[in-house]
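Geometric and topological summary
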Amino acid sequence: MPANARISQRIASIAESATLAVDAKAKALKAAGRPVIGFGAGEPDFPTPDYVVEAAVKAAREPRFHRYSPAGGLPELKQAIAEKTMRDSGYQIDPAQVLVTNGGKQAVYESFATLLDPGDEVLVPTPYWTTYPEAIRLAGGVPVEIFAGPEQGYLVNIDQLEAAVTENTKVLLFVSPSNPTGAVYSPEQVAEIGRWAASKGLWVITDEIYEHLTYDGVPFTSIATAAPELGDKVVILNGVAKTYAMTGWRVGWMIGPKDVIKAATNMQSHATSNVANVSQMAALAAVSGPLTAVDEMKVAFDRRRKAMVDGLNAIEGIECPTPKGAFYAYADVRGLLGKEIDGVRPSTSAELASLVLDKVEVAIVPGEAFGPSGFVRLSYALGDEDLATGIGRLQDFLGTAK
C-alpha cells in the first residue's frame, strides 16, 4: 500500500461486522416506515431486569462513580465475577485473574492481542461468530478455519483439529453454545477437545457468553473445568449481555492466568481505561443476583426456537437442525441456490439474503458472515408475533422457488 494511503492496510483489511450491518439496514428501513422483520442481531427483546436498572440509578447518584476507577475493573465486581464463575462453572479463580472490559468484543480482541505474535495461528471452528477472525487478524494472527457442517451437527471433531494443527498453531478458539449455529458440545466432547489441546501445548480461548442458554436438558460444560490438563493455558470470555438482556450496557470480562490478565489490563489502560462505573455496578447487581431473569427468557426462547425450526423446515430447499443453545437457528439453504425466485436465481446465501430483504423485508444474515456460503442465520430473540410474521413471509416467498 502506498505511503500516502489515507487508511492503514491493517484497518482497511478488516471486514465490517455483517451482523451489525444487517441490523443497521433493517433498523434504517424500519425508521423509514417499512414493516421490516429483523432476524439479524443477537439481542434479547426483553428489558434489563428492574433490580439491575435500580443499581445503576443508585450508582449514578454516587459521586465516587463519577471519577476514574481502576482500569481493570471495580474490585467488588471482579470479586463477584470470581464468585459467579465458581457458582456456574465450578472453576476457582482469584479476582486478580479478571479483567472487566467494554463488552465481550473488547475481551475477544484483547485476548488475541495479548497472546498472539505475528504469524501465530488460531484454530477457528467454523461456522464462527463474525468478529473472531477479524480480531485475530487485527492482533497479527492467522485464523485457520475448520468447517463442521450440519451433517455433523456443526461440531468439529478431533480428527479435523489434528489435521489443521501446525508448528505455528498457538491457540484453539472454543465456543459452546455456539453463535451462529446454536450447537452445544457434550461434556465428553468438551473434555476430549480440552485434553487434545493440552497434549499439543495449545492455549484455549473459550467464549462462554451463552452459558445459561441451553435447551432440552442439554448441559453447559466449561472446558476450563472439563479439562484440568490445560492448567493455566485457558482464557475464559464472558459478559452480562445475553444472560441479563444487557447488550447496551457494554460489560464483559476475560479470565485467565495473572500474567496474561496483567498484560491485557495494561493494554486496556492505554485504550479505554475503565468501563463506565454505572455499567459496572449494574453488572455487579446482575452477576450477584439470581438467574430468574434468564430462566424466564428461556421459556420464551424455547418456544420461539421450536416455532422457527418448524417454520423453516416447512420450506422446500431449507434444512434447519434444532439448535441446543444460544438463540439462533442456522439453516442450510443450499437447496434453494440456483433456483428461480421472483425472477431471480440467487447463487449464494448473500444474494439470497439480499433478495429476501428487498422483496419481503425480512432481514437475515448470510453464511458468508460466518464461513462458507450456503447457510443463513436467524435470531429468535425477538417477539413471537414478529417471528411468526417473518417466517410466514419467508414461507410465502421462498415457497415459490422452482
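Residues numbered from 1 in each chain as written. Predicted model: local features only at pLDDT ≥ 70, side-chain atom pairs only at ≥ 80, totals over all residues. Heavy atoms only, no water.

1. Remarks on the overall build of the protein
Along the backbone of the protein there are 14 helices and 12 strands. C-alpha extents for the protein along the principal axes are approximately 60 × 55 × 55 Å. Expressed as a percentage of the 402 residues in the protein, the buried residues total 55%. Partitioning the contacts of the protein with sequence separation of at least 6, the portion at a separation of at least 24 is 74%. For the protein, the accessible surface area stands at approximately 16600 Å², while carbon and sulfur atoms represent 52% of it. The averaged location of the 47 negative side-chain charges in the protein is 5 Å from the averaged location of its 36 positive side-chain charges. (Helix = DSSP H or I, 4+ residues; strand = E, 2+ residues; numbered from the N terminus. Buried < 20%, exposed > 50% of the residue type's maximum accessible area, 1.4 Å probe, protein only. Contact = heavy atoms within 4.5 Å. Areas by Shrake-Rupley, 256 points an atom, 1.4 Å probe, with all protein chains shown as cover. Lys, Arg positive; Asp, Glu negative; His and termini not counted. Charge placed at Lys NZ, Arg CZ, Asp CG, Glu CD.)

2. Focus on the environment of R67
As for its position among the elements, R67 is in the loop between α3 (50–60) and α4 (75–89). On the accessibility criterion, R67 (58% relative accessible area) is exposed. Sequence-wise, R67 and T48 are 19 residues apart; in three dimensions their C-alpha atoms are separated by 25 Å.

3. A few points about the pattern of salt bridges
Once the charged atoms of two side chains with opposite charge are near each other, the side chains can pair. Counted according to the given criterion, the structure contains 19 salt bridges. Here the salt bridges share partners, and the residues they tie into one network are D216, D302, R305, K306 and K324. (Salt bridge = Lys/Arg side-chain N within 4 Å of Asp/Glu carboxyl O.)

4. Digging into the sheet that holds strand β8 (residues 252–255)
Overall, mixed pairing links the seven strands, which are arranged β2-β8-β7-β6-β5-β3-β4 in an open sheet. Edge positions in the open sheet fall to β2 (98–101) and β4 (142–147), since each of these has one partner strand only. Here the average twist between neighbouring strands, direction ignored, is 20 degrees. Here helix α10 (residues 258–271) sits on the sheet and contacts β2, β6 (203–207), β7 (234–239) and β8; the angle it forms with β2, its principal contact strand, is near 25 degrees. (Pairing = 2+ DSSP bridges. Axes fitted to C-alpha atoms, helices over the stretch in contact; angles between N-to-C directions.)

5. Thoughts on empty space enclosed by the protein
Scanning the model with the defined rule gives four cavities of 30 Å³ or more in all. Looking at the largest cavity, it is lined by 15 residues, and the ones nearest its centre are P125, P127, V175, S178 and Y185. Taken together, the elements giving at least two residues each to the lining of the largest cavity come down to β3 (121–126) and β5 (169–175). Per-element tally for the lining of the largest cavity: the top contributor is β5, with three residues. For the lining of the largest cavity, the class distribution of residues is 11 nonpolar, four polar and no charged. Here the second largest cavity is characterised by a volume of approximately 50 Å³. Around the second largest cavity, the lining residues are L312, I318, V333, L352, V356, I364, V376, L378, L394 and L398. Listing elements by their share of the lining of the second largest cavity, those giving two or more residues are α13 (349–360), β12 (375–379) and α14 (384–398). Its residues assigned to classes, the lining of the second largest cavity shows 10 nonpolar, no polar and no charged. (1 Å grid on protein atoms, 1.4 Å probe; cavity = no way out; pocket = protein on both sides within 12 Å on 5 of 7 lines; lining within 4 Å. Points joined across faces, edges and corners; volume = space filled by probe spheres on them. Nonpolar A, V, L, I, M, F, W, Y, C, P; charged D, E, K, R; others polar.)

6. Here's the deal with unusual backbone geometry
The omega torsion of the bond from T126 to P127 falls at 10 degrees, within 30 degrees of zero and hence cis. Summarising the element assignment, P127 is placed in the loop between β3 and α6 (131–138). Between S176 and the following residue, P177, the backbone shows a cis peptide bond with an omega angle of 0 degrees. Topologically, P177 is positioned in the loop between β5 and α8 (187–199). Here the phi dihedral of Y154 falls at roughly 60 degrees; this positive angle occurs in a residue that is not glycine. Classification of Y154 by relative accessible area gives buried; the value is 7%. Although it is not a glycine, D342 sits at a positive phi angle of roughly 55 degrees. Checked against the element boundaries, D342 lands in the loop between β9 (328–332) and α13.

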